[in-house]
Amino acid sequence: MTTHTTRMLILGSGPAGLSAAIYGARAGMEPIVVQGIQPGGQLTTTTDVENYPGFREVIQGPWLMQEMQAQAEHVGTRMMWDTIVEVDLTQRPFRLIGDGGDVYIGDVLVIATGAQAKWLGLDSEELLKGKGVSACATCDGFFYRGKKVAVIGGGNTAVEEALYLTNHSDDVTLIHRRDSLRSEKILQQRLFANEKISVLWNKEVHRFVGEGTPEGLVAIELKDTMTGEMSRLDVEGGFVAIGHHPATELFRGHLELDSDGYIAVETGSTRTSVPGVFACGDVMDKIYRQAVTAAGTGCMAALDAERFLAEAEFEAEREAAE
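Each chain carries its own residue numbering, running from 1 in the direction its sequence is written. Selection of residues for local features in this predicted model requires a pLDDT of at least 70, selection of side-chain atom pairs for listing and counting requires 80 or more, and totals for whole chains, interfaces and linings are taken over all residues. Here the side-chain values reflect all heavy atoms present in the structure, with hydrogen atoms and water set aside.

J.: A description of the pairing of strand E7 (residues 94-98) should follow, citing residues and the corresponding values.
T.: The rule is simple: take the accessible area with a 1.4 Å probe, protein chains only, and divide by the maximum for that residue type; under 20% is buried, over 50% is exposed, in between is partly exposed. In this description a helix means any DSSP run of H or I spanning at least four residues, a strand means any run of E spanning at least two, and both kinds are numbered starting from the N terminus. Burial within E7 is extensive, with four of its five residues counted as buried. Summarising the sheet, strand E6 (residues 84-88) and E7 pair through four bridges and their orientation is antiparallel. Paired with Asp88 across the strands is Arg95, a residue of E7. Here E6 folds back onto E7, and the loop between the two strands holds five residues. For two strands to pair, DSSP has to find at least two bridges joining them. Inspection of the sheet shows E7 paired to strand E8 (residues 103-111) by four bridges, in the antiparallel sense. In the strand pairing of E8, Ile97 is matched with Val103. Between E7 and E8, which pair antiparallel one after the other, the connecting turn spans four residues, and Gly101 there sits at a positive phi close to 100 degrees.

J.: Would you mind going over helix H1 (residues 15-26) in detail, with residue names and values included?
T.: The end-to-end C-alpha separation of H1 is 16 Å, in line with the 16 Å expected for 12 residues at 1.5 Å each. Counting buried positions over the 12 residues of H1 gives 10, a clear majority of the element. For H1, the full list of buried residues reads Pro15, Ala16, Gly17, Leu18, Ser19, Ala20, Ala21, Ile22, Gly24 and Ala25. We call two residues in contact when some of their heavy atoms are within 4.5 Å. Next to the buried residues of H1 lie strand E1 (3-11), strand E2 (32-34), helix H2 (61-74), strand E5 (78-80), E8 and helix H7 (291-321). Directly beyond the C-terminal end of H1, a positive phi value near 80 degrees is found at Gly28. How far a helix is expected to stretch is found by multiplying one less than its residue total by 1.5 Å.

J.: Please give an account of the nonpolar core that cites residues and values.
T.: For soluble globular proteins, the rule of thumb is that nonpolar side chains tend to be buried together. Ranked by internal contacts, the top residues of the largest apolar core, which has 30 residues, are Met8, Ile10, Tyr52, Val108 and Val110. The set of elements that each furnish at least two residues to this core consists of E1, H1, H2, E8 and H7. The dominant element in this core, judged by the number of residues it contributes, is H7, at seven residues. Ignoring sequence-local partners within four residues, the contact set of Val108 consists of Arg7, Met8, Leu9, Met29, Phe94, Gly276, Phe278, Ala305, Phe308 and Leu309. Within the second largest apolar cluster, 22 residues are counted, among which are Ile84, Leu109, Leu255 and Met284. Buried residues of nine kinds, namely Ala, Val, Leu, Ile, Met, Phe, Trp, Tyr and Cys, make up a nonpolar core once their side-chain atoms join them within 4.5 Å.

J.: Could you give me a rundown of the sheet that holds strand E16 (residues 230-234), with the residues and numbers involved?
T.: The pairing of strands in a sheet comes from backbone hydrogen bonds and takes either a parallel or an antiparallel form. Taken together, the three strands give an open sheet; going across it, the order is E14-E15-E16, and neighbouring strands pair in antiparallel fashion. Because the sheet does not close on itself, it has two edges, and the strands there are strand E14 (203-211) and E16. Here the average twist between neighbouring strands, direction ignored, is 25 degrees. By the bridge criterion, eight bridges tie E14 to strand E15 (residues 216-224) in an arrangement that is antiparallel. Within E15, the residue paired with Val205 across the bridge is Leu222. To define axes, lines are fitted to C-alpha atoms, for helices over the stretch in contact only, and angles between the resulting N-to-C directions are given on a 0 to 180 degree scale.

J.: Please set out the pattern of salt bridges residue by residue, giving values where relevant.
T.: Basic side-chain nitrogens of Lys or Arg form a salt bridge, by our definition, when they fall within 4 Å of a carboxyl oxygen of Asp or Glu. Summed over the entire model, instances satisfying the criterion amount to 12 salt bridges. Between Asp234 and Arg232 there is a salt bridge, with its nearest N and O atoms 2.9 Å apart. Put simply, Asp258, Asp260 and Lys286 are held in one network by salt bridges that share partners.

J.: Outline the packing of H1 against H2, listing residues and values.
T.: Any two packed helices are characterised by how steeply their axes cross, that is the angle between the axes, and by the distance between the axes. One can describe the packing of H1 onto H2 by two numbers: an axis separation of 9 Å at closest approach and a directional angle of 25 degrees. Relative to H2, the element H1 lies roughly parallel. Relative to H2, H1 is oriented so that their crossing is left-handed. Facing H1, whose interface residues are Pro15, Leu18, Ala21 and Ile22, H2 presents Met65, Met68, Gln69, Gln71 and Ala72. Each residue is assigned to one class: nonpolar for Ala, Val, Leu, Ile, Met, Phe, Trp, Tyr, Cys and Pro, charged for Asp, Glu, Lys and Arg, and polar for all the others, Gly among them. Residue classes in the contact of H1 with H2 are distributed as seven nonpolar, two polar and no charged. Any angle from 65 to 115 degrees is called roughly perpendicular, while one under 35 is roughly parallel, one over 145 is roughly antiparallel, and all others are oblique. For any helix crossing, the convention is left-handed if the near helix is rotated counterclockwise from the far helix by under a right angle, and right-handed if that rotation is clockwise.

In structure tokens, the structure reads:
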């Protein structure tokens, strides 16, 4: 068992965690990044990235995360291949334990553990991910310009994604397994008023159908939730929009979470309910969920943490002098 000590401990190695590491390292804080279950975050499961600033050509998500990690290490970040299983936030420095028994001590803690899109759990969905099946219209909608697409879900996320997709497609179908939507009324009004969107009620996805070489989505097989009747909808893009799971189980009971399980932060900052603990990226952002916004909040978290430590150290020196 090894103990690792740092001024800035960062959990998560996606755009948020690595941006925090870059800023923290440049401030001389020698951060440690514990990479977690999915090193590199959600971008490592994304292939073509066209909306990250600074690259005119399409770039690959895994490559972007490799470059971010290399930059963080170049300026003095230590990367740890570990997953945290236990936290003690009752006093500073904070004490965390990895699944192999290693102990991590941090004067400040930056949480960037992210969120995962919820999927339907179908074998056909897994086979066609990135080949017509997606969980992010903002990320991938551009690739379906002029094509027929469908959105699966009935909450705010699904309605927002359906509305967004009308920027690219004139034929958007919303598939919902009930007979009414759960989204906010204003969003429903916009949806029903949009001539490009049609709604299929009481339908659930039975199977995503792929054809061709290379294989791509060509249709969705649907089952009526009332009658059991099967039907087929021909589409080239299928967007699963049934919500996200923020990776916050570890912090339940230790930090204030909102009603959806995201870490609550002070408006306009990354400060959590525990002084010295900061949250950034998708673990605290359920609205934007983009790589560039995650990177932005990572920068904010590092600056907030640096300011917190400077003030704490100034106070300690002043008390010692009195």
